[in-house]
Amino acid sequence: MQPRERILEKTFILFHKQGYNATGINQIIEESKVAKASFYQHFKSKEDLCVAFLEQRHTFWFNELLKFTNNVEDSNSKVLASFEFLIYIAHAYAQSHFD
């Protein structure tokens, strides 16, 4: 895995567990196993990293939502499939935190 992807993957985990404010750049660098220069080659700041993180999360969510709604043709069924997606995500979240 490339450094940028390792940084984003670790950021996803740390922001999820600790929150944005409680997660420092040095922790991200250390846990991603990248050099500080490598981090700054990809991201100018923690805010820049946060924007990339949010873009990645946005893309993931909408790609997953499309998987649930792509094969559904009528509007009512698309709405129902969207709610099924939300239930699926909530269930996956609960399993990862409470099992």
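Presented here is an overview of the structure given in this document. (Residues numbered from 1 in each chain as written. Predicted model: local features only at pLDDT ≥ 70, side-chain atom pairs only at ≥ 80, totals over all residues. Heavy atoms only, no water.)

### Considering helix α2 (residues 25-32)
And then number 1: Those residues of α2 not exposed but buried are I25, I28, I29 and S32. Along the long axis of α2, the arc covered by the buried residues comes to 100°, so they all point the same way.
And then number 2: Looking at the buried residues of α2, the elements they touch are α1 (3-18), α3 (36-42) and α4 (46-69).
And then number 3: One or two residues past the end of α2 sits K33, with phi positive at roughly 55°. (Buried < 20%, exposed > 50% of the residue type's maximum accessible area, 1.4 Å probe, protein only. Helix = DSSP H or I, 4+ residues; strand = E, 2+ residues; numbered from the N terminus. Arc of directions from axis to C-beta. Contact = heavy atoms within 4.5 Å.)

### Focus on a nonpolar patch on the surface
And then number 1: Together, F60, W61, F62, V79, F83 and L86 make up a nonpolar patch on the protein surface, roughly 590 Å² of accessible area in all.
And then number 2: Within the residue set of the nonpolar patch, elements represented by two or more residues are α4 and α5 (75-98).
And then number 3: Tracing the sequence through the fold places F60 in helix α4. (Patch = residues over 30% accessible without salt bridge, like charges linked within 9 Å, V, L, I, M, F, W, Y side chains within 5 Å. Areas by Shrake-Rupley, 256 points an atom, 1.4 Å probe, with all protein chains shown as cover. Salt bridge = Lys/Arg side-chain N within 4 Å of Asp/Glu carboxyl O.)

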